[in-house]
Amino acid sequence: MNQPSLLFIHAHPDDESILTGSILAKAADLGLRTIVAYGTRGDAGETSLDLGNESLADRRIREAEAACTELNVARVEWLAYDDSGMDGTDTTKNLEAFCNADPDAVAADLGLLFADENIFAIIGYDRNGTYGHPDHKQVHHVSHAAAAELGSGWVLDVTYNREYLAKLPDADGTLDLGFAAAEADLTHFVEGDELFERKMKALMNHTSQVPDDVNTEDPPVERFKARFGTEWFIATAYNGATELGLLADLLQPKADWVSPL
Ligand SMILES: [Zn+2]
């Protein structure tokens, strides 16, 4: 049996850095083996770059693989469903879109794909999909369905801290507290200035997606850090797990969190 691994299921290229860059960097520091599986290649995204002959999907695959290399990810897989796009757009009606797949069927495929792996924990998103995107909500369903297929002890839902976000300035109107989880429901977090720097470095590989204003000095980076600097999780035990095991050194318990506000 292979060494135990952590499987991160992500919806699109760039989600690995934005949502889990710090925990991926910390896992590598602890010698934990990490795997990232993408539901889609982010082909419904937009870019302001001239890509020449390269498709957006191909470009985003290259960017994601560079980001994963930066974060010392051991294995990257592409489930290659179509990007569902945002709610209310025609792309969500595409039968090949990730959001329209049967979560149990995707989980079964993951079971085959990773039959040679020993997946200790699966990292996905909370039931709101972190911000309501149909592919992100699908990640929630797939990650929990996959726990049985892969025999994993834990599923971690990536989420946000609603009470903390409510204290941040919402100057551009993009903070939707309805997608965040109540602090009472959170179980663990990962944060650290050095981890955040590595998360940003990984994110900067996504040149087709990163707005110019993030790629400058603060305040944009500081605003990003205020929102994404602490990675919050809701841990759920599966298959009789009672101890965090490998996750004990990786995750900090919510009780240890000190709000900067
Ligand atoms: Zn995404």
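Look above for the structure.
Residues numbered from 1 in each chain as written. Predicted model: local features only at pLDDT ≥ 70, side-chain atom pairs only at ≥ 80, totals over all residues.

K.L.:
Can you help me understand the packing of helix 1 (residues 15-29) against helix 6 (residues 193-203) in this one?
P.N.:
Helix-helix packing is characterised by the crossing angle of the two axes and by the distance between the axes. Following both chains from N to C, one finds helix 1 and helix 6 inclined at 125 degrees, their axes separated by 8 Å at the closest point. With respect to their mutual orientation, helix 1 and helix 6 come out oblique. Note that helix 1 runs across helix 6; the crossing there is right-handed. Of the residues in helix 6, those in contact with Ser17, Ile18, Gly21, Ser22, Ala25 and Lys26 of helix 1 are Leu195, Phe196, Arg198, Lys199, Ala202 and Leu203. (Axes fitted to C-alpha atoms, helices over the stretch in contact; angles between N-to-C directions. Helix = DSSP H or I, 4+ residues; strand = E, 2+ residues; numbered from the N terminus. Parallel < 35°, antiparallel > 145°, perpendicular 65-115°, else oblique. Left-handed = near helix turned anticlockwise from the far one by under 90°. Contact = placed C-beta atoms within 7 Å.)

K.L.:
Explanation requested: the sheet that holds strand 3 (residues 75-81) in the structure shown.
P.N.:
Through backbone hydrogen bonds, the strands of a sheet pair up, either in parallel or in antiparallel fashion. The sheet built from 8 strands is open, its strands ordered 3-2-1-4-5-7-6-8 with mixed pairing. Both outer strands of the open sheet, strand 3 and strand 8 (252-253), are each paired with one neighbouring strand and no more. Alignment of strand 4 (residues 118-125) against strand 5 (residues 154-159), held across 5 bridges, turns out to be parallel. Along strand 5, the bridge assignment pairs Ala121 with Trp154. (Pairing = 2+ DSSP bridges.)

K.L.:
Got a minute to help me understand helix 2 (residues 56-70) in this structure?
P.N.:
Along an α-helix, a turn takes 3.6 residues, which lines up residues three or four apart on a common side. Over its 15 residues, helix 2 extends 21 Å from the first C-alpha to the last, a length consistent with the 21 Å expected when each residue adds 1.5 Å. Against the buried residues of helix 2 lie helix 1, strand 2 (33-40), strand 3 and helix 6. (Expected span 1.5 Å × (residues − 1).)

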